[in-house]
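Observations on the model geometry
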Amino acid sequence: LLAVPVTSSGFGPKVSVEDLNGSLFTSDDPLWSLIQYEAQVGAANEPFLATELYGSVLQYPSLTDAVCVVLANKLGTGYMQATQWGELLQDAYSRDAQIRRCMRMDLMAVMERDP
């Protein structure tokens, strides 16, 4: 992984998608590497956020895994538990490349509009 710059407060210097993508040419998934990098910087600079960032980003090997868990936890109810949602979402993401593509396009649009 990349070295994490630790600053006094906040998330450190802004890292543009273009700048970081240039340094991630060896990554299989530059978008996921960028998200994990920003989460590492945030966790290093804001200890109060470290647990949340680990639980929603840093512990997962892929973007799809992280998104499925976060969505499942949001959707879980007494009627349909988060683990059931997680299985359903993982199945949908694994079967349909278009869903994965749209998820990435949505995330990239947010990153471009709100750097």
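Computed from a predicted model, the values in this text were never measured in an experiment.

Focus on the side chain of Gln-36
- The topology assignment puts Gln-36 in helix 2 (residues 30-45).
- Using a relative accessible area of 13% as the deciding quantity, one classes Gln-36 as buried.
- Here the side chain of Gln-36 touches Tyr-60 through a polar contact of 3.2 Å, landing on its backbone oxygen.
- Not counting residues up to four positions away in its chain, the partners in contact with Gln-36 are Val-57, Leu-58 and Tyr-60.

Here's the deal with the pattern of salt bridges
- The final tally for this structure, using the stated rule, is two salt bridges.
- Residue Asp-29 pairs with Arg-104 through a salt bridge whose shortest N-O separation is 2.6 Å. Of the two residues, Asp-29 sits in the loop between helix 1 (17-23) and helix 2 while Arg-104 sits in helix 6 (residues 97-113), which places them 75 residues apart along the sequence.
- Here Arg-95 and Asp-91 are joined by a salt bridge, their closest N and O atoms 2.8 Å apart. One end of the pair, Arg-95, and the other, Asp-91, are both in helix 5 (residues 82-95), four residues apart, so they sit about a helical turn from each other.
- On the basis of relative accessibility, which here comes to 34%, the residue Asp-91 falls in the partly exposed class.

Brief notes about the nonpolar core
- Membership of the largest hydrophobic core comes to 18 residues, with the highest contact counts inside it found for Trp-32, Ile-35, Leu-63 and Tyr-93.
- Sorting the residues of this core by element identifies helix 2, helix 3 (47-58), helix 4 (63-75), helix 5 and helix 6 as the ones contributing at least two each.
- Top element by residues in this core is helix 2. It accounts for six residues.
- Leaving out residues up to four positions away in the same chain, Tyr-93 has contacts with Thr-64, Val-67, Cys-68, Leu-71, Ile-99, Arg-100 and Met-103.

Focus on the packing of helix 4 against helix 6
- One can describe the packing of helix 4 onto helix 6 by two numbers: an axis separation of 11 Å at closest approach and a directional angle of 85°. It follows that helix 4 is roughly perpendicular to helix 6 by the angle criterion. Residues Leu-63, Thr-64 and Val-67 of helix 4 pack against Arg-100, Met-103, Arg-104 and Leu-107 of helix 6.
- Taken together, the residues of the contact of helix 4 with helix 6 break down into four nonpolar, one polar and two charged.

Concerning the packing of helix 5 against helix 6
- Running from N to C, helix 5 and helix 6 point in directions that differ by 100°, and their axes come no closer than 5 Å. Looking at the two axes, helix 5 sits roughly perpendicular to helix 6. Contact residues: helix 5 offers Ala-92, Tyr-93, Ser-94 and Arg-95, while helix 6 offers Ala-97, Ile-99, Arg-100 and Met-103.
- Partitioned by chemical class, the residues of the contact of helix 5 with helix 6 number five nonpolar, one polar and two charged.

Quick look at helix 6
- Here helix 6 contains 17 residues, and its C-alpha end-to-end distance of 24 Å stays within 8% of the 24 Å for a straight helix at 1.5 Å per residue.
- Along helix 6, the positions that sit buried rather than exposed are Met-103, Ala-109 and Met-111.
- Backbone nitrogen of Gln-98 and a side-chain oxygen of the N-cap are separated by 2.9 Å at the start of helix 6; the cap is Asp-96.

Cut-off values and rules
Residues numbered from 1 in each chain as written. Predicted model: local features only at pLDDT ≥ 70, side-chain atom pairs only at ≥ 80, totals over all residues. Heavy atoms only, no water. Helix = DSSP H or I, 4+ residues; strand = E, 2+ residues; numbered from the N terminus. Buried < 20%, exposed > 50% of the residue type's maximum accessible area, 1.4 Å probe, protein only. Polar contact = N/O pair within 3.5 Å; in protein donor to acceptor, adjacent residues only side chain to side chain. Contact = heavy atoms within 4.5 Å. Salt bridge = Lys/Arg side-chain N within 4 Å of Asp/Glu carboxyl O. Core = buried A, V, L, I, M, F, W, Y, C linked by side-chain atoms within 4.5 Å. Axes fitted to C-alpha atoms, helices over the stretch in contact; angles between N-to-C directions. Parallel < 35°, antiparallel > 145°, perpendicular 65-115°, else oblique. Nonpolar A, V, L, I, M, F, W, Y, C, P; charged D, E, K, R; others polar. Expected span 1.5 Å × (residues − 1).

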